[in-house]
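# Results of the structural survey
Read off the chains here:
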Amino acid sequence: MAFTRKDLLGMRDLEVHEIQTILDTAESLKEINTRSIKKVPTLRGKTVVHLFYEPSTRTRTSFDIAAKRLSADTYSIATTTSSMVKGETFLDTIKNLEAMRPDVFIIRHSASGTPHRVAPRTTASVINAGDGMHEHPSQALLDMLTIRERKGRLEGLTVLIVGDIAHSRVARSNIWGLTKMGARVVVCGPPTLMPSHMDQLPVTVSLQLEPVIPSADVIMVLRLQKERQGQGLLPSLREYAAYYGIDRKKLAHAKPDVLIMHPGPMNRGVEISPDVADGPHSVILDQVTNGVAVRMALLYLVVQRDEPAL
């Protein structure tokens, strides 16, 4: 089925066939990234504007590389270089940029729901690159592509998400996406880092790590998001690492073919030990590689939504 959405705002609203289309398109586009000349004319003449109002390395760079490999023109705007420092509102910034006729806005913002507020107010496509503690759909999609490549499927797998669930937009997007595709999701972390609405999410909750490691096909480790946390949520980083950090000792109880994932950036020695992050079970760099392909697919699909799929 064709992808007909103007915008990509979150995993919760996507249908199964839409997720399948994105993953299949990304898989077909991966070949471009292995060529000596990594560029095709697919989006020649299209304009992509990056609006990143939070720090980012992987997401911002991979969206930029993805657009350029499809031959789109790209422009980046950050908080310190926009007229918002002079008092202009975010929506006024969008309206002024829209007057220049861009085709896509890629938005990362600390306020949850910002891309959703922008999308109906612009004729350009809007892709959510992370909004507050709400969602990060492209990260979930690249995670799902990585799992599918390594495991051959998503349906029937058990994915264990460990860490700061309360503040993680990556966790929310993965929960919605993975469960729609038939995976079982288990979340684990200290009670102070669990959201109050866990009963509304299609997950199994565990406050202890060791009992749930043996059943996991995939262990997705989350960064402790200290910039979003209040004070007093953890006694110490050392205690957190002892109980919830993924290290070689805890991994000894996992399945021999378990995958270790992390959305980055990593706090080595806190939520994940260096030997696990760089070990044989780790697919962390595969996630980064797949991020370019997934973001190429998203740009292609939202811009060319009226055209036949690849």
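My aim in this report is to walk through the structure given alongside it, one point at a time. (Residues numbered from 1 in each chain as written. Predicted model: local features only at pLDDT ≥ 70, side-chain atom pairs only at ≥ 80, totals over all residues. Heavy atoms only, no water.)

### Topic: the overall build of the protein
Under the convention used in this document: Helix and strand assignments come from DSSP, with helices taken as H or I runs of at least 4 residues and strands as E runs of at least 2, each series counted from the N terminus. Values of the radius of gyration come from C-alpha atoms, whereas the globule rule sets the reference at 2.2 Å times the count of residues to the power 0.38. Whether a residue is buried, partly exposed or exposed follows from its accessible area with a 1.4 Å probe, protein chains only, as a fraction of its type maximum: under 20%, in between, or over 50%, in that order. Here, residues are in contact when the closest pair of their heavy atoms is within 4.5 Å. Here, Shrake-Rupley sampling with a 1.4 Å probe gives the accessible areas, and only protein chains in the shown set may cover a residue. Charge convention: Lys and Arg are scored as positive, Asp and Glu as negative, and His as well as the terminal groups of each chain are ignored. To locate a charge, take atom NZ for lysine, CZ for arginine, CG for aspartate or CD for glutamate.
In terms of regular secondary structure, the protein is built from 10 helices and nine strands. In summary, the protein has a C-alpha radius of gyration of 19 Å against a globular reference of 19 Å for 310 residues, a match within 12%. Dimensions of the protein along its principal axes, counting C-alpha atoms only, are 55 × 45 × 35 Å. Of all 310 residues assigned to the protein, the portion counted as buried reaches 57%. Here the contacts in the protein between residues at least 6 apart in sequence split such that 73% fall between residues at least 24 apart. In the structure as shown, the protein presents an accessible area of about 13,600 Å², 52% of it carried by carbon and sulfur atoms. The average position of the 38 basic charges and that of the 33 acidic charges among the side chains of the protein differ by 3 Å.

### A look at unusual backbone geometry
Looking along the chain, the bond that leaves G264 and enters P265 is cis, with omega of -5°. Tracing the backbone shows P265 in the loop between strand 9 (259-261) and helix 9 (274-277). The phi dihedral of S71 is positive, around 70°, even though this residue is not glycine. Looking at where S71 falls in the secondary structure, it is placed in the loop between helix 2 (58-69) and strand 2 (73-78). For S71, a relative accessible area of 13% translates into the label buried. Backbone geometry places R101, a non-glycine residue, at a positive phi of 65°. Mapped onto the secondary structure, R101 falls in the loop between helix 3 (90-98) and strand 3 (104-109).

### Here's the deal with the environment of R169
Stated formally: Polar contacts, as used here, are pairs of N or O atoms within 3.5 Å; protein pairs need one atom able to donate a hydrogen and one able to accept it. Residues neighboring in sequence count only if both atoms are side-chain atoms.
Position of R169 relative to the elements: it lies in helix 6 (residues 169-180). A polar contact is formed between the side chain of R169 and the backbone oxygen of G132, at a distance of 3.0 Å.

### Topic: the packing of helix 5 (residues 137-151) against helix 10 (residues 284-303)
Formally: Think of each axis as a best-fit line through the C-alpha atoms, taken over the contacting stretch in the case of a helix, with angles from 0 to 180 degrees between the N-to-C directions. A clockwise turn of the near helix away from the far one marks a right-handed crossing, whereas an anticlockwise turn of less than a right angle marks a left-handed crossing. Residue polarity is assigned by list, with Asp, Glu, Lys and Arg as charged and Ala, Val, Leu, Ile, Met, Phe, Trp, Tyr, Cys and Pro as nonpolar; anything else, Gly included, falls into the polar class.
At a minimum axis separation of 8 Å, helix 5 and helix 10 run at an interaxial angle of 120°. The hand of the helix 5/helix 10 crossing is right-handed. Judged by residue contacts, S138, Q139, L141, L142, D143, L145, T146, E149 and R150 of helix 5 engage D286, Q287, N290, G291, V294, R295 and L298 from helix 10. When the residues that make up the contact of helix 5 with helix 10 are grouped by side-chain class, the tally is five nonpolar, six polar and five charged.

### Observations regarding the environment of I107
Along the chain, the position of I107 falls in strand 3. Among the residues examined, I107 registers a relative accessible area of 0% and is labelled buried. Once you skip the residues sitting within four places of it in the chain, I107 turns out to touch L51, F90, I94, T114, P115, V118, V126, I127, N128, A129 and G130.

### A look at the layout of surface pockets
Short version of the rule: The method works on a 1 Å grid over the protein atoms by themselves. A cavity is a set of points holding a 1.4 Å probe that cannot get out, a pocket is an open set with protein on both sides within 12 Å along at least five of seven lines, and residues with an atom within 4 Å of a point line them. Grid points are joined across faces, edges and corners, and a volume is the space filled by probe spheres set on the points.
For the second largest pocket, the calculated volume is near 210 Å³. Taken together, 18 residues form the lining of the second largest pocket, with R58, P263, I284, Q287 and V288 sitting closest to its centre. Elements supplying a minimum of two residues to the lining of the second largest pocket: helix 2, helix 5 and helix 10. For the lining of the second largest pocket, the leading source of residues is helix 10, giving seven residues.

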